Amino acid sequence: MPARIKICGISTPEALDATIAARVDYAGLVFYPASPRAVTPNVAGALTARASGRIAMVGLFVDADDATIAEALAAARLDVLQLHGSETPERVAQFRARFGKPVWKALPIASASDLARAAAYAGAADLILFDAKTPKGALPGGMGLAFDWSLLAGYRSALPWGLAGGLNLANVAEAIQQTGAPLVGV
Ligand SMILES: O=C(O)c1ccccc1N[C@@H]1O[C@H](COP(=O)(O)O)[C@@H](O)[C@H]1O
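Calculation rules
- Residues numbered from 1 in each chain as written.
- Predicted model: local features only at pLDDT ≥ 70, side-chain atom pairs only at ≥ 80, totals over all residues.
- Heavy atoms only, no water.
- Phe/Tyr/Trp six-rings, centres within 6.5 Å; stacked < 30°, edge-to-face > 60°.
- Helix = DSSP H or I, 4+ residues; strand = E, 2+ residues; numbered from the N terminus.
- Buried < 20%, exposed > 50% of the residue type's maximum accessible area, 1.4 Å probe, protein only.
- Contact = heavy atoms within 4.5 Å.

1. Some points on the packing of aromatic side chains
No. 1: If you walk through the whole model with that rule in mind, you get six aromatic pairs.
No. 2: Plain terms: the ring middles of Phe-130 and Trp-161 are 6.0 Å apart, the flat faces sit at 50 degrees to each other, and that makes the pair tilted. Of this pair, Phe-130 sits in strand E6 (residues 127-132) while Trp-161 sits in strand E7 (residues 161-164), and the two are 31 residues apart along the sequence.
No. 3: On the basis of an interplanar angle of 85 degrees and a centroid distance of 5.4 Å, the ring pair of Tyr-155 and Trp-161 is categorised as edge-to-face. We note that Tyr-155, like Trp-161, is buried.
No. 4: Each residue in the set Phe-130, Tyr-155 and Trp-161 is aromatic and connected to the rest through ring pairs, giving one cluster.

The structure is reproduced here in structure tokens:
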């Protein structure tokens, strides 16, 4: 089965239209004010209205409180919540129960032991997104950094998972081939 594809950081109608035209599976909106790709709830609302169900929309949050997510969901039609901070399994489970949306949890990976953290999210997250660990003080994602994909060689898990971090046109095919990732975030 081909890998599902998410393009993240959509912030303009033009980028959204191009993403839909490319027939990928998910478009990501960043609700993290520190990001250069951040959108306000109003802009997100306009973008999801424009998408009008033609692509699944993912809202990305970093250590957000309930009110921030509630505000985003009130303004924008989001199909999935992606949590890209230090959210615990308990917090992830709370968000899923409260908002009734599938929740993807991003985990920063630098070594094999980081992969083992995924198990704690079984029953809480709907999918684990393995991403590169970023330097202290930097954004927790969206930095164009890749991790050592060989860490994922032979990775098997009952919990659905995906790969992100530094993926681009030049390397994404190789990343999928090396890791067998069922989903990639670009
Ligand atoms: O894109 C952002 O600005 C961002 C901010 C904070 C957390 C995550 C963010 N993006 C996500 O990070 C991964 C990896 O990004 P990159 O391809 O290495 O640039 C990506 O899946 C985005 O969803």
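2. Quick word on the environment of His-84
No. 1: As for its placement among the helices and strands, His-84 is situated in the loop between strand E4 (80-83) and helix H4 (89-99).
No. 2: Since its relative accessible area comes to 9%, His-84 is described here as buried.
No. 3: Once the C-alpha coordinates of His-84 and Pro-41 are considered, the two residues, 43 residues apart in sequence, prove to be 18 Å apart.
No. 4: Other than its neighbours up to four places away in sequence, His-84 contacts Leu-60, Phe-61, Val-62, Ala-106, Leu-129, Asp-131, Pro-140 and Gly-141.

By themselves, these observations are geometric and do not establish any function.
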